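Structure at a glance
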Amino acid sequence: MSSMSTRVAGAQGAGGLEPSGQSVAREGVAARLLARLDVWLSRRLRRASADELGRCRMLVAAHGLLLLCDVLFLFQVTRLPFPLLWGAMGLLCGAGSVTSLLLLRRSGSSRIPALLLCAMLTGGFVGATLLLGGVGVGTHAGGMLLPMLCVYLLGARRAFFFVAFSGLSVGLVLPLVSSAGPGQWESCLLAALFLLGGWGMSWLLTAVREHANTALERALRALRDHERKLTSLLENTEDVVCSVDTEGRLIAANPALGEMYRELIGVELEPGAHLFPEYAPESLRRRWQECTAQVLSGKRVRFEASPSRLKRPRVLDISVNPVLDVAGRVVGMTVFGRDITDRKEAEARLGEMHRSLLDVSRQAGMAEIATGVLHNVGNALNSVNVSVNLLSERLHQSRLAGLSKATELMAEHTADLGHFFTVDRRGKQLPVYLKALTTQLTAERAELLDEVHTLQKSVEHIKSVVSMQQEHARFSGVVERLEVTALLDDALRLHAVSFERLGIEVKREYSEVPLVRVDRHKLLQILLNLLSNARHALLECGRADKLLTIRVGRVAAERLRISVADNGVGISPEDAPRLFTQGFTTKKDGHGFGLHISALAAAEMDAFLSCSSEGRGQGATFTIDLPISGEENRA
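Residues numbered from 1 in each chain as written. Predicted model: local features only at pLDDT ≥ 70, side-chain atom pairs only at ≥ 80, totals over all residues. Heavy atoms only, no water.

In this section: a positive patch on the surface. On the surface, Arg 43, Arg 46, Arg 47, Arg 105 and Arg 106 cluster together into a patch of positive charge. Of all the secondary structure elements, the ones that give two or more residues to the positive patch are helix H3 (43-46) and helix H5 (83-106). As for its position among the elements, Arg 46 is in helix H3. A residue is classified by how much of its surface remains accessible, and Arg 46, at 42% relative accessible area, is partly exposed. (Patch = residues over 30% accessible without salt bridge, like charges linked within 9 Å, V, L, I, M, F, W, Y side chains within 5 Å. Areas by Shrake-Rupley, 256 points an atom, 1.4 Å probe, with all protein chains shown as cover. Salt bridge = Lys/Arg side-chain N within 4 Å of Asp/Glu carboxyl O. Lys, Arg positive; Asp, Glu negative; His and termini not counted. Charge placed at Lys NZ, Arg CZ, Asp CG, Glu CD. Helix = DSSP H or I, 4+ residues; strand = E, 2+ residues; numbered from the N terminus. Buried < 20%, exposed > 50% of the residue type's maximum accessible area, 1.4 Å probe, protein only.)

Set out below in structure tokens:
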């Protein structure tokens, strides 16, 4: 027997239901009686099957009763007619009983003693019926014991011979010997019929009993097999398993709990003892009392614990469940404890990896924003460069040198300016020259002012792009109310240069929607990733009418949907289920993090990112369902 079964057996004696005093007394009397009957059996018969042992005990009891009756009969034989004949019959029956008892004492089978008993009973019944010659003797109810004993001891087939012989003697021979009248004939025939009926009912009872015993043995074998499997499972599992009664006393436990119990309490786990005795640590006893109070009220309790007294730090997932009887009352508790240390460490590593992915995601988002910023700033810098070159060229070609020469001439003739302007050929041409130079310098000034204005616009554009990038970076990780359409426009401006260069038409379909509470940076990161994917899809398709459609609208009272649809290469059906998994990508130079990280970021905002496509070449639509007034999910 396994250690688990031993613990169960010991616990039943310690904490099971106690039988009543009358039941114990009855069982004691029966046990003593059976022990006295077994004295007359051989060792082999005492080790026989339950059915064979029962027949042997019945034979001993029947022969003992027959010997007692035989002794009493012999004391009364002198009062009967033909005393010698009756005495011989009595001695013969006594000898048969003694012989049967000796056979049972020495033999290994009950067949011959059973045949002797049935033969003596049949012979005694038939002999008494015929010798006494009275119909009342043959029709006595005591004759019904004959078919019952014969069927039980010999079986239906062998018993039929004795019963048929007795029935023939009672139903046919007895009326003839006793010269019975019409009414006595009917009584004899009925007695014979009842003898045969008793044999039939005994046979049916035996058949039913054997069938029930077979079913019971089959059920017991199945139960033992299940018990063996369950015991093996509990013995070999690393989880701690035990059951206790309502007082907290141990009923059964597996070795895993015994080992842990030695580490926690410092003693061996004994069936019938309290699971947490008074010398157990106070913290454990207090926690156990709180737990059992809830379980005894019918609740299931589950919690995690990390006992500090264990040799190796472990985290246990403990479940305490009530055991209910048929009436629904709590009659005990089961305790299951699973070591989840590895799972907790894996969850910690997964959480760290998730945080690392979010950091990578943020860096990737910032890189995406920086790329857009660089594109826009680069385009603006091209305009600045052109304007600066034009200003430099205009300044180099300026007529200010001619004005300088004119002023030098005038300075040379300061003493005779009147003569110089009226007589000197150069002086006469100087006013005309100054007028023409003024006109030209005025035109140059206007051109330079236009270029300076263009330069100012380019610088302002660079400033706004940088300011927008700084604004989005500053609000990372903060939930705020914002206008989704404005954020979409910012994302589109960051991709405006590449969209314009690739000939991608952007179509906006904005509905009137309220402000939403989201993390600006996370939503912008998702939008930039979706716009970048759409740009790649449109670039790869090679079609001339590249179209990107942005839609914003409400899909429910508390939900808002952003759709990014393109008419690019589309998504094949076999790739759709893996689209948001980590590491999956269809780009040659892709890393497979973009959509996965976007899906994680959407989940953290209590949003849902999805995709639909009719197949390759049919374009794709990515949608983000956002809560309008919900805050970021921090769970």
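That shown, we press on.
Further remarks concern the pattern of salt bridges. One pass over the full model with this rule turns up 20 salt bridges. The salt bridge partner of Asp 245 is Arg 249, with a shortest N-O separation of 2.8 Å. The exposure class assigned to Asp 245 is buried, which follows from its relative accessible area of 6%. Classification of Arg 249 by relative accessible area gives partly exposed; the value is 31%. The salt bridge partner of Glu 509 is Arg 551, with a shortest N-O separation of 2.8 Å. Here the residue Glu 509 occupies a position in strand E7 (residues 505-510), and Arg 551 occupies one in strand E9 (residues 547-556), the gap between them amounting to 42 residues. Overlapping salt bridges, with partners in common, bring together Glu 304, Arg 343, Lys 344 and Glu 347 in one network.

Once that is clear, we can look at the packing of helix H4 (residues 50-76) against H5. Interhelical geometry of H4 versus H5 gives an angle of 155° and a closest axis separation of 9 Å. Between H4 and H5, the angle falls in the class roughly antiparallel. Judged by the sense of rotation from one axis to the other, the crossing of H4 with H5 is left-handed. Contacts between H4 and H5 involve Cys 56, Leu 59, Val 60, His 63, Leu 66, Leu 67, Asp 70, Phe 73 and Leu 74 on the former and, on the latter, Trp 86, Gly 87, Gly 90, Leu 91, Cys 93, Gly 94, Gly 96, Ser 97, Val 98, Ser 100, Leu 101 and Leu 104. A class-by-class count of the residues in the contact of H4 with H5 yields 13 nonpolar, seven polar and one charged. (Axes fitted to C-alpha atoms, helices over the stretch in contact; angles between N-to-C directions. Parallel < 35°, antiparallel > 145°, perpendicular 65-115°, else oblique. Left-handed = near helix turned anticlockwise from the far one by under 90°. Contact = heavy atoms within 4.5 Å. Nonpolar A, V, L, I, M, F, W, Y, C, P; charged D, E, K, R; others polar.)

Here we have five strands laid out as an open sheet, ordered E2-E1-E5-E4-E3, and antiparallel in their pairing. Looking along the sheet, the strands with just one partner apiece sit at the ends: strand E2 (250-253) and strand E3 (301-305). Ignoring which end each strand starts from, the neighbouring axes of this sheet average 20° apart. Taken together, the six bridges between strand E1 (residues 240-245) and strand E5 (residues 330-339) define a ladder with antiparallel strand orientation. In the strand pairing of E5, Val 241 is matched with Phe 336. In this fold helix H11 (residues 255-264) packs onto E1, E2 and strand E4 (316-324), with an angle of close to 85° to the strand it touches most, E1. Contacts between helix H12 (residues 282-296) and the sheet are confined to E1, E3, E4 and E5, with E5 contributing the most and set at about 125° to the helix. (Pairing = 2+ DSSP bridges.)

Tallying each qualifying case throughout the model produces three aromatic pairs. Ring centres of Phe 161 and Phe 162 lie 5.4 Å apart, and the angle between their planes is 80°; this geometry places the pair in the edge-to-face category. The exposure class assigned to Phe 161 is exposed, which follows from its relative accessible area of 57%. The exposure class assigned to Phe 162 is buried, which follows from its relative accessible area of 11%. With a centroid separation of 5.5 Å and 50° between ring planes, the pair formed by Phe 276 and Trp 288 is classed as tilted. Of the two residues, Phe 276 sits in the loop between H11 and H12 while Trp 288 sits in helix H12, which places them twelve residues apart along the sequence. With a relative accessible area of 22%, Phe 276 lands in the partly exposed category. Among the residues examined, Trp 288 registers a relative accessible area of 12% and is labelled buried. A cation over a ring is seen here: Arg 287 above Phe 303, with NZ or CZ 4.1 Å from the ring centre. (Phe/Tyr/Trp six-rings, centres within 6.5 Å; stacked < 30°, edge-to-face > 60°. Lys NZ or Arg CZ within 6 Å of the ring centre and 35° of its normal.)

Within the chain, Asp 606 stands out as a residue other than glycine whose phi angle is a positive 60°. By relative accessible area, Asp 606 is classed as partly exposed at 40%.

Before going further, it helps to spend a moment on the sheet that holds E9. Strands sit in the order E7-E9-E10-E12-E11 across an open sheet of five strands; the sheet is mixed. Each edge of the sheet is formed by a strand with only one pairing partner; in this case those strands are E7 and strand E11 (608-612). Ignoring which end each strand starts from, the neighbouring axes of this sheet average 15° apart. As paired elements, E11 and strand E12 (residues 620-627) share five bridges and run antiparallel to each other. Bridge pairing in E12 links Phe 608 to Asp 625. Helix-sheet contacts for helix H17 (residues 484-494) involve E7, E9 and strand E10 (559-566), and the interaxial angle to E7 is about 175°.

This part is about the pairing of E10. Across the eight residues of E10, six count as buried, placing the element largely inside the fold. Taking the residues between adjacent antiparallel strands as the criterion, E9 and E10 are bridged by two residues. Direction of pairing for E10 relative to E12: antiparallel, over a ladder of eight bridges. Bridging from a neighbouring strand, Ile 562 pairs with Ile 624 of E12.

Per-residue pLDDT for the protein chain has a mean of 78; in total, 81% of the residues score no lower than 70. Between residues 1-19, whose pLDDT stays under 50, and residues either more than four places distant or in other chains, the model counts 30 contacts. In the model, residues 631-635 has pLDDT below 50 throughout and makes twelve contacts with residues more than four positions away in sequence or in other chains. (pLDDT = per-residue confidence, 0-100.)

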